[in-house]
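Architecture and fold: a report
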Amino acid sequence: MINSFAESYKLIPSDRVYIQNKFESITYGDVQRSISTFREQFPFLVGKNCALSSSSRFELAKAIPLIASVVNKIFFQPQDLKDEVLEDFYSKGEIEYVINISLLGIDVSKVSEVAASNKFDQEWLLSTSGTTGTPKLVSYSITSLMKTCKNDLVKGASFNWGLCYDLNRFAGIQVYLQAISSGSSLTISESTEDLNSVVNMFTNRGVNCLSATPSFWRKVLMTKCSNTIPLKIITLGGEIADQTVLDSLSFFFTDSNIIHIYASTEVGVGFTVKDAKAGFPYEYVGVAKLPSIELKIVNNILWIKTNRGADSLLNGTLEVDVEGFINTGDIVEVISDRVLFVGRDSGTINVGGNKVTPEEIETVLNSHPGVIQSKVFGKKNSVLGMLVNAEIVSKKIIKQDEKKIFKKELIIFCKNKLAPFKVPAVIKFVDNIAFNESGKIVRK
Amino acid sequence: MRKLILEKFNEALEQTGKTEQYENIDDASILLETGLDSLGFAVLVAILEEELDLDPFQLMDEPVYPRTFGEFVGIYKKFYD
């Protein structure tokens with residue numbers, strides 16, 4: 001088996017910092033030594049299919065090169081999967097061992113016996129987020145996962161990437177692989193850390209490349225000392241990057257290149273936009289306009305054909321047309337020479353990176369005895385990109401002064417049943433809600 | 001304007017399940033240290049938009065996100081006039 005990931009380590013000067021946080025710093029040389037120890041300690045993991053689980057990003061980053069140096073397949077197990085989904089994923093991914101990593105060390109347990117068929121290339125399995133229905137499980141060969149990573153070890157010496165994504169998600173893995181393939185350093189924050197302390201650590205550790213969602217960037221821009229981070233490269237992804245956040249970043253970080261990335265767990269890295277303008281140039285659409293991918297717009301929906309997407313989908317489905325284009329589900333609008341993102345075809349609302357399906361909230365609202373019908377939709381918000389709004393048809397006619405009390409009651413009702421980001425921020429009372437011919441709520 | 005924002009500020013805190021309530025907030029208070037998280041802050045902007053029919057953050061020429069309560073009030077005053 002070849003492993004472009006494990007091979008890439010051997011070329012990196014051993015005194016370079018691999019990962020660091022507030023307390024610790026580990027060099028690439030340290031990693032090389034740990035790999036040999038790990039092989040001696042866990043000889044039975046050679047060529048096996050393993051799930052990897054940790055609540056600490058730093059501990060996970062410490063373990064990835066060790067595990068990748070011996071196993072056949074790695075499933076990056078998110079922390080929030082339900083037991084039945086996990087069981088299904090273990091079976092579909094033919095997982096034999098679960099490796100739990102914590103501050104106490106590495107704990108290995110056997111979950112099944114599979115006659116592992118060793119593939120030519122190491123497989124990395126990633127899960128999409130499960131907030132909108134059942135999560136998908138996708139499989140990448142490490143080679144296709146690293147296709148868009150630059151590997152200039154000389155230039156890489158001057159880059160220090162900050163990590164503020166989870167390492168068991170596609171976005172986090174992309175940042176990780178980009179840093180490692182150029183022999184750069186990765187400065188790791190934890191999801192539990194306070195933002196001020198993350199910003200201070202990034203400043204003190206000299207982070208000069210940082211990738212985050214637009215909502216995370218807005219929050220960073222509101223912290224006291226955000227402009228002390230010596231940023232050269234700023235990337236945004238995971239949500240619509242609006243012009244305000246792009247302008248604000250250019251304003252505060254005058255020496256940085258601002259890049260927004262169109263990517264998803266299933267499609268992989270689609271394309272990047274480097275002119276710090278919202279959306280992307282219309283000239284990207286069509287045949288042979290971009291390397292490795294092709295874009296088309298059908299009925300305002302963006303379709304993408306790519307040769308660097310997931311190698312296979314082990315759970316869930318994608319809509320693919322006869323020409324091999326995948327439906328991204330993103331609604332776009334063409335304004336002169338620019339393609340702008342409007343929202344999701346499914347009506348899914350992206351609240352600061354958290355996906356919300358309107359139907360889930362409507363079901364809760366409709367279960368309130370005072371509600372006949374409800375319609376939930378996303379409304380543009382300057383802080384979190386989108387926010388949940390609701391229209392309600394009330395059972396009885398409510399007077400102006402009763403509206404406020406009923407609104408409050410509905411919010412408390414939702415708060416008891418839904419995660420905070422799913423609770424409607426603004427509620428309006430309407431006389432009726434429009435339905436289409438098939439009896440579904442009109443969502444566009 | 002200050003009074004209205006303070007009232008809605010408390011509403012946003014309550015709506016996002018925070019226990020803090022303020023009689024007054026000092027202009028120099030750091031927004032993210034008041035107990036209002038980014039969801040609460042987003043809700044505040046949304047309910048102020050409902051009330052004033054105005055989202056100043058979409059109108060700004062100089063795109064700046066406020067760090068203190070005073071800056072936040074200042075932005076609304078500037079665009080409401």
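About the criteria used
- Residues numbered from 1 in each chain as written.
- Chains lettered and ligands numbered in written order.
- Predicted model: local features only at pLDDT ≥ 70, side-chain atom pairs only at ≥ 80, totals over all residues.
- Helix = DSSP H or I, 4+ residues; strand = E, 2+ residues; numbered from the N terminus.
- Buried ≥ 20, exposed ≤ 12 C-beta atoms within 10 Å, placed from the backbone.
- Contact = placed C-beta atoms within 7 Å.
- Core = buried A, V, L, I, M, F, W, Y, C linked by C-beta atoms within 7 Å.
- Domains from an automatic or database assignment.
- Axes fitted to C-alpha atoms, helices over the stretch in contact; angles between N-to-C directions.
- Parallel < 35°, antiparallel > 145°, perpendicular 65-115°, else oblique.
- Left-handed = near helix turned anticlockwise from the far one by under 90°.
- Nonpolar A, V, L, I, M, F, W, Y, C, P; charged D, E, K, R; others polar.
- Pairing = 2+ DSSP bridges.
- Right-handed = clockwise from strand over helix to strand, strands pointing away.

1. Quick word on the overall build of chain B
The number of helices and strands found in chain B is three helices and zero strands. Sequence-ordered secondary structure for chain B, helices as α and strands as β, is α-α-α. Oriented by its inertia axes, the alpha-carbon framework of chain B measures out at about 35 × 25 × 20 Å. Relative to its 81 residues, chain B shows a buried fraction of 37%.

2. Points about the interface of chain A and chain B
A common way to report how large an interface is uses the accessible area buried once the components associate. Chain A puts 24 residues into the contact, and the matching count from chain B is 23 residues. Sorting the residues of the side of chain A that touches chain B by element identifies α9 (214–221), α10 (243–252) and α12 (400–415) of chain A as the ones contributing at least two each.

3. With respect to the nonpolar core
Residues A:Cys50, A:Ala61, A:Ile67, A:Ile74, A:Tyr176, A:Val388 and B:Ala42 are the most contacted members of the largest nonpolar core, which totals 117 residues. Built from parts of two domains, this core gets at least three residues from each of domain 1 (1–10 + 20–146) and domain 2 (349–429) of chain A. The next biggest cluster of nonpolar side chains, apart from the first, holds eleven residues, and it includes A:Val273, A:Leu302, A:Ile304 and A:Val332.

4. Structural notes on the domain arrangement of chain A
Under the domain assignment, chain A is made up of domain 1 (1–10 + 20–146) and domain 2 (349–429). Domain 1 of chain A and domain 2 of chain A are separated by 40 Å when their C-alpha centres are compared.

5. Considering the environment of A:Val332
Residues and elements named next belong to chain A. Structurally, Val332 is set in strand β19 (residues 326–335). Looking at Val332, the number of C-beta atoms within 10 Å reads 20, which means it is buried. Put simply, Val332 and Gly279 are 53 residues apart on the chain and 8.9 Å apart in space, counted from C-alpha to C-alpha. When sequence neighbours within four positions are dropped, the list of residues in contact with Val332 reads Ile297, Asn300, Leu302, Val339, Leu340, Phe341 and Val342.

6. Overview of the packing of helix α1 (residues 2–15) of chain B against helix α2 (residues 38–52) of chain B
All names here are of chain B. With their axes 9 Å apart at the nearest point, α1 and α2 run at an angle of 130° to one another. As the angle between them shows, α1 and α2 are arranged oblique. Considering how the two elements wind past one another, α1 and α2 form a crossing that is right-handed. Across the interface between the two elements, Leu4, Ile5, Lys8, Phe9, Glu11, Ala12, Leu13 and Gln15 of α1 pack against Gly40, Val43, Leu44, Ile47, Leu48 and Glu51 of α2. Each residue belonging to the contact of α1 with α2 can be placed in one class, and the counts come to nine nonpolar, two polar and three charged.

7. Quick word on the pairing of strand β20 (residues 338–344) of chain A
Residues and elements named next belong to chain A. With two bridges joining them, strand β15 (residues 280–281) and β20 adopt antiparallel strand pairing. Bridge pairing links Pro281 to Arg338 in β20. Summarising the sheet, β19 and β20 pair through six bridges and their orientation is antiparallel. Residue Ile335 lies in a different strand from β20, and its bridge partner there is Arg338. The hairpin formed by β19 and β20 contains two residues between the paired strands, and Ser336 there has a positive phi angle of roughly 45°.

8. Concerning unusual backbone geometry
Backbone geometry at A:Ala288 places phi at a positive 55°, although glycine is not the residue there. Along the chain, the position of A:Ala288 falls in the loop between β15 and β16 (293–298).

9. Quick notes on α9(A)
Along α9(A), eight of the eight residues are buried, which leaves the element largely enclosed by surrounding structure. Taken together, the buried positions of α9(A) are A:Pro214, A:Ser215, A:Phe216, A:Trp217, A:Arg218, A:Lys219, A:Val220 and A:Leu221. Each element contacted by the buried residues of α9(A) is listed here: α8 (195–204), β11 (209–212), β12 (233–236), α10 and β24 (385–394) of chain A together with α2 of chain B.

10. Let's talk about the packing of α9(A) against α10(A)
Relative placement of two packed helices is described by the angle separating their axes and the distance separating the axes. Residues and elements named next belong to chain A. One way to put it is that α9 packs onto α10 with a least axis distance of 10 Å and a crossing angle of 45°. With respect to each other, α9 and α10 are oriented oblique. In this structure, α9 crosses over α10, and the sense of that crossing is left-handed. Contacts between α9 and α10 involve Pro214, Trp217, Arg218 and Leu221 from the first element and Val245, Ser248, Leu249 and Phe252 from the second.

11. Points about the pairing of strand β25 (residues 426–429) of chain A
All names here are of chain A. Pairing between β24 and β25: four bridges, direction parallel. The partner of Ala390 across the bridge, within β25, is Ile427. In this view, the connection linking β24 to its parallel neighbour β25 by way of α12 has right-handed handedness.

12. Regarding the sheet that holds β20(A)
Residues and elements named next belong to chain A. Read from one edge of the open sheet, five strands run β15-β20-β19-β17-β16, paired in antiparallel fashion. Single-partner strands in this sheet number two, and they are β15 and β16. Pairing of β16 with strand β17 (residues 301–306) involves six bridges; the strand directions are antiparallel. When the bridges of β17 are listed, Ile297 appears paired with Leu302.

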